Amino acid sequence: MTSRAGGPRIVFWRHGQTSWNLESRFQGSTDIPLTDTGLAQAQRAARLLAGLRPDLLISSDLSRAAATAAELARLSGLEVQQHEGLRETYAGSWQGLTHAEIKARFPEEYAAFGRGEPVRRGGGELTTEVADRAVPVVLAAFDKLPEEGTLVVVSHGGTIRTMLGRLLDLAPAQWESLGGLSNCCWSVLGQGARGWRLLEHNAGTLPEPVIGDDT
C-alpha cells in the first residue's frame, strides 16, 4: 500500500459482492444490496483502508456502495457523503441481463462496444457521459483535502474505470485497457509533475476473478 507521504491521493474503492455479480447480471443503476460475503469483504477492506488515515469519504448512493462505505466510516469516524453522480453506468434494457443474454439479444451493440466504439448500451449512457458526471464530484471533494490528504471514493467497477481513464488523460477507446476491479478492491491515483499517476490498481487481495457490473 502506498505510504502517507508524497502528496494527496485518491483511492477508488469498488463495492463488495452482490447476488447479481455472482449471476453475471449487468447491474448498472439497479439498486442491488450486498450479499453476506460482500459485507464481509467490505469489513476486511475497511480495516486495511483505515490504515491510510483517510480525510474524506464519498460514495455512490446505491446501497451496495453506501453499505461498503459505511464500514470504513465506522472505523475512521468520517461521515459518508453520498452522490448520485458516482452511480454505475445506466444501461437501459441491458440491466438485469446476464452476459450471455446481452450477447444474444444485442449482438451488434455488443460487438461495437467490444471494438471500442461509443455505444449507448441498452439505450443508456455513453462511458464518456459517466465520466462527465462522476469526475467533477471527485475533483470537488479532492479540492477540500489537506496538503497530504487522502480521499476515498466508493463506487462501481465501470464508473471507476471511466474516472481513471479520464483523470489519466487516456482516450476513451483506451479505457478498457484498465483491467476491472475485483469486489472490494481499489486503485490509487497520486499527482506527479505531469498530472495524475496510477500508483496502485486492483489492490487489496490476492488475484481473484473480476465479476463486473458493466460486463
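Up top is the structure.
Residues numbered from 1 in each chain as written. Predicted model: local features only at pLDDT ≥ 70, side-chain atom pairs only at ≥ 80, totals over all residues. Heavy atoms only, no water.

(A) Geometry of the layout of surface pockets. By volume, the largest pocket amounts to about 260 Å³. Around the largest pocket, the lining comprises 18 residues; the ones closest to its centre are F113, G116, E117, T127 and P172. Looking at the lining of the largest pocket, the elements with two or more residues in it are α6 (127-142) and α7 (157-167). Residues that form the lining of the largest pocket fall into these classes: seven nonpolar, six polar and five charged. (1 Å grid on protein atoms, 1.4 Å probe; cavity = no way out; pocket = protein on both sides within 12 Å on 5 of 7 lines; lining within 4 Å. Points joined across faces, edges and corners; volume = space filled by probe spheres on them. Helix = DSSP H or I, 4+ residues; strand = E, 2+ residues; numbered from the N terminus. Nonpolar A, V, L, I, M, F, W, Y, C, P; charged D, E, K, R; others polar.)

(B) Representation of the sheet that holds strand β3 (residues 80-83) in the model. In spatial order, the strands read β3-β2-β4-β1-β5-β6; together these six strands make up an open sheet with mixed pairing. Of all the strands in the sheet, the pair left with one neighbour each is β3 and β6 (195-203). Mean inter-strand twist for the sheet, computed between neighbouring axes without regard to direction, equals 20°. Taken together, the six bridges between strand β1 (residues 9-14) and strand β4 (residues 150-155) define a ladder with parallel strand orientation. Its bridge partner lying in β4, F12 is registered against V153. Packed on one face of the sheet, α7 meets β1, β4, β5 (186-192) and β6 and runs near 155° to β1. (Pairing = 2+ DSSP bridges. Axes fitted to C-alpha atoms, helices over the stretch in contact; angles between N-to-C directions. Contact = heavy atoms within 4.5 Å.)

(C) Representation of the state of the cysteines within the structure. Within this structure, the stated rule accounts for zero disulfides. No disulfide involves C184; its sulfur sits 7.6 Å from the nearest other cysteine sulfur, which is in C185. (Disulfide = S-S within 2.5 Å.)

(D) Region of interest: the pattern of salt bridges. What the rule picks out here adds up to nine salt bridges. Residues R120 and E129 are paired through a salt bridge, measuring 2.8 Å at the closest nitrogen-oxygen approach. The class of E129 is partly exposed, set by a relative accessible area of 27%. Its salt-bridge partner being E125, residue R133 comes within 2.8 Å of it at the nearest N-O pair. On the basis of relative accessible area, R133 is assigned to the partly exposed category, the value being 22%. (Salt bridge = Lys/Arg side-chain N within 4 Å of Asp/Glu carboxyl O. Buried < 20%, exposed > 50% of the residue type's maximum accessible area, 1.4 Å probe, protein only.)

(E) Structural detail: the environment of G179. As for its placement among the helices and strands, G179 is situated in the loop between α7 and β5. The partly exposed category is assigned to G179, whose relative accessible area is 39%. In this view, G179 contacts R161 and H201; residues no more than four positions away in its chain are not counted.

(F) Helix α3 (residues 63-76), seen in detail. Taking 1.5 Å as the rise per residue, α3 with 14 residues should run 20 Å; its terminal C-alpha atoms sit 20 Å apart, in good agreement. Regarding α3, the residues found buried are R64, A65, A66, T68, A69, E71, L72 and A73. As for α3, its buried residues are in contact with β1, α2 (36-50), β2 (56-60), β3 and β4. The positive-phi residue at the C-terminal boundary of α3 is G77, with phi of around 80°. (Expected span 1.5 Å × (residues − 1).)

(G) Structural detail: the nonpolar core. By size, the foremost hydrophobic cluster in this structure holds 24 residues, and its most contacted members are F12, V138, L151, V153 and M163. With seven residues, α6 is the single largest residue contributor to this core. Once residues lying within four places of it in the same chain are set aside, the contact partners of M163 are F12, L86, A134, V135, V138, V153 and S155. Formed by 18 residues, the second largest nonpolar core is a distinct cluster that contains V11, L52, A65 and C184. (Core = buried A, V, L, I, M, F, W, Y, C linked by side-chain atoms within 4.5 Å.)

(H) Looking closely at the packing of α6 against α7. With their axes 8 Å apart at the nearest point, α6 and α7 run at an angle of 75° to one another. In terms of their interaxial angle, α6 and α7 are classed as roughly perpendicular. The segment α6 lies against α7, with T127, T128, V130, A131, D132, A134, V135, V138 and L139 engaging T159, T162, M163, R166 and L167. Residues of the contact of α6 with α7, tallied by class, amount to eight nonpolar, four polar and two charged. (Parallel < 35°, antiparallel > 145°, perpendicular 65-115°, else oblique.)

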